[in-house]
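# A look at the structure
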Amino acid sequence: MQAFYADHFVLPLPEGHRFPMAKYARLRERLAAELPVVRLCEALPASHEELTLVHSPAYVDAVMRGTLSAAAQREIGFPWSPAMAERARRSVGATLQACRSVMHARAGLSANLAGGTHHAYADKGSGFCVFNDFAVAARLMQAEQASRGERLRVAIVDLDVHQGNGTARIFAEDDSVFTLSLHGAKNFPFRKEPSDLDVELADGCTDGDYLEALESALQTLEQRFEPDLVLYLAGADPHEGDRLGRLKLSFEGLAARDRRVMDWALHRRLPLVFAMGGGYGHDLEATVQVQVNTYRAALDSWARWHNAGA
């Protein structure tokens, strides 16, 4: 199973900044040590042409050239730097390469060790998200399938604790992409955009209620949409130890969540790409453990995909 990374492009953040940049390199270290069967690949940067399938050329140029206004940088949450721009391109590139792995090489599952930048709109970034990797990936895969005379329908299953507002807005008028977001009702963003299916959860939601809500959401998705590709945002921030999450899921509950989504896709022989999204644990290792558990579930699903196709 391939997984793509860009953690060696590190943003020079101010002292005390709350974004846990170190989690990406730590995840790669853990995967290399504990799950060496995962093939770790350096991500290539997304091109200007690829980014502008979703984002306005003016916004892409402002990120690339360092001409973002102070207000735009504040909304993103990162100060501009060349490393910020390069990391943003490669975070999208990692998801693009993962998608090509499952669509062209029929690999079943593939991953981005970062990504899930669902707060980015077409013309602006927000909430630590510069470009929207899932939106760019969906549009690029659709374009590549269209060049073969085929239509591609994409389901985005967003299980970050924060609503995928940018993704929802980008695809609001697009019936070829189904956006599902399961998120904290009272959490960021405080102005939410309507997804195709939004499921709001109360503060303090625990494993049982969460998994019941997820099961119902997947059933509704299946009744309303027939995808050819699944993009899964496996946020670590619903964990009970997260500083920003406000939910109370255990390690076991989150692992069950991951297995349910992956089993749902596997049963339907749907290729699946996942990204890690948010994770802001009081203990960085707890966030990384949630993510390592996601990879364990993915490896099991990947093995069963290939055993079934043998």
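Conventions we followed
Residues numbered from 1 in each chain as written. Predicted model: local features only at pLDDT ≥ 70, side-chain atom pairs only at ≥ 80, totals over all residues. Heavy atoms only, no water. Disulfide = S-S within 2.5 Å. Core = buried A, V, L, I, M, F, W, Y, C linked by side-chain atoms within 4.5 Å. Buried < 20%, exposed > 50% of the residue type's maximum accessible area, 1.4 Å probe, protein only. Helix = DSSP H or I, 4+ residues; strand = E, 2+ residues; numbered from the N terminus. Contact = heavy atoms within 4.5 Å. Phe/Tyr/Trp six-rings, centres within 6.5 Å; stacked < 30°, edge-to-face > 60°. Lys NZ or Arg CZ within 6 Å of the ring centre and 35° of its normal. Pairing = 2+ DSSP bridges. Axes fitted to C-alpha atoms, helices over the stretch in contact; angles between N-to-C directions. Salt bridge = Lys/Arg side-chain N within 4 Å of Asp/Glu carboxyl O.

This model, assessed by the stated rule, comprises zero disulfides. Counting only cysteine sulfurs, Cys41 is the nearest neighbor of Cys99, a cysteine outside any disulfide, at a range of 14 Å.

Quick look at the nonpolar core now. In this structure, Val63, Met84, Val130, Phe131, Val154, Leu229 and Leu231 are the most contacted members of the largest nonpolar core, which totals 51 residues. Within the residue set of this core, elements represented by two or more residues are α3 (57–65), α5 (82–104), α6 (133–146), β4 (154–158), β7 (229–233) and β8 (272–275). Element by element, the count of residues in this core is highest for α5, at ten residues. With residues up to four places along the chain from it excluded, the contact list for Val130 reads His55, Tyr59, Val63, Ile76, Met84, Ala88, Ala120, Lys124 and Gly125. Counting residues in hydrophobic clusters, the runner-up holds 50 residues, among them Leu31, Leu221, Ala265 and Ala298.

Per the stated rule, a full pass over the model turns up ten aromatic pairs. For the ring pair Phe178 and Phe225, a centre distance of 5.5 Å and an interplane angle of 40 degrees mean the geometry is tilted. Remark: Phe225 occurs in the loop between α8 (207–224) and β7 and Phe178 occurs in strand β5 (residues 177–184); sequence separation between them is 47 residues. Chaining the aromatic ring pairs together yields one cluster made of Phe19, Tyr24, Phe78, Phe128 and Tyr280. Directly above the aromatic system of Tyr5 lies the positively charged group of Arg28, at a separation of 3.9 Å from the ring centroid.

Here we take up the sheet that holds β4. Taken in spatial order, the eight strands make up an open sheet running β2-β1-β3-β8-β7-β4-β5-β6, and their pairing is parallel. With partners counted over all chains shown, the strands left at the sheet margins are β2 (39–42) and β6 (197–201), one partner each. Adjacent strand axes in the sheet meet at a mean angle of 15 degrees when their direction is disregarded. Across two bridges, strand β1 (residues 2–5) lies against strand β3 (residues 109–112) in parallel orientation. Looking across to β3, one finds that Phe4 is bridged to Asn112. Against the sheet, α6 touches β3, β4, β5, β7 and β8, its axis set at about 170 degrees to β7.

This part is about unusual backbone geometry. Cis geometry is found at the peptide bond from Phe188 to Pro189, where omega equals -5 degrees. Positive phi values are uncommon outside glycine, yet Arg246 reaches one of about 70 degrees. Mapped onto the elements, Arg246 comes out in the loop between β7 and α9 (251–267).

Turning our attention to the pairing of β1. With four bridges connecting them, β1 and β2 associate as parallel partners. Within β2, the residue paired with Gln2 across the bridge is Arg39.

To continue, consider the pattern of salt bridges. Taken as a whole and judged by the stated rule, the model has 21 salt bridges. A salt bridge links Glu34 to Arg30; its shortest N-O distance comes to 2.3 Å. Pair noted here: Glu34 and Arg30 are both in helix α1 (residues 22–34), with a separation of four residues, about one helical turn. Overall, Glu34 belongs to the partly exposed group, its relative accessible area being 33%. Arg296 is paired through a salt bridge with Glu34; the nearest N and O atoms lie 3.0 Å apart. Of the two residues, Arg296 is situated in helix α10 (residues 284–309) and Glu34 in helix α1; the sequence distance between them amounts to 262 residues. Residue Arg296 is classed as partly exposed on the basis of its relative accessible area of 38%. A single salt-bridge network, built from bridges that share partners, covers Arg26, Glu29, Arg30, Glu34, Glu285 and Arg296.

All right, on to the side chain of Glu50 then. Of note, Glu50 is situated in helix α2 (residues 48–51). When its relative accessible area of 15% is taken as the criterion, Glu50 is described as buried. For Glu50, the contacting residues outside a window of four places in its chain are Leu96, Arg100, Val136 and Leu140.

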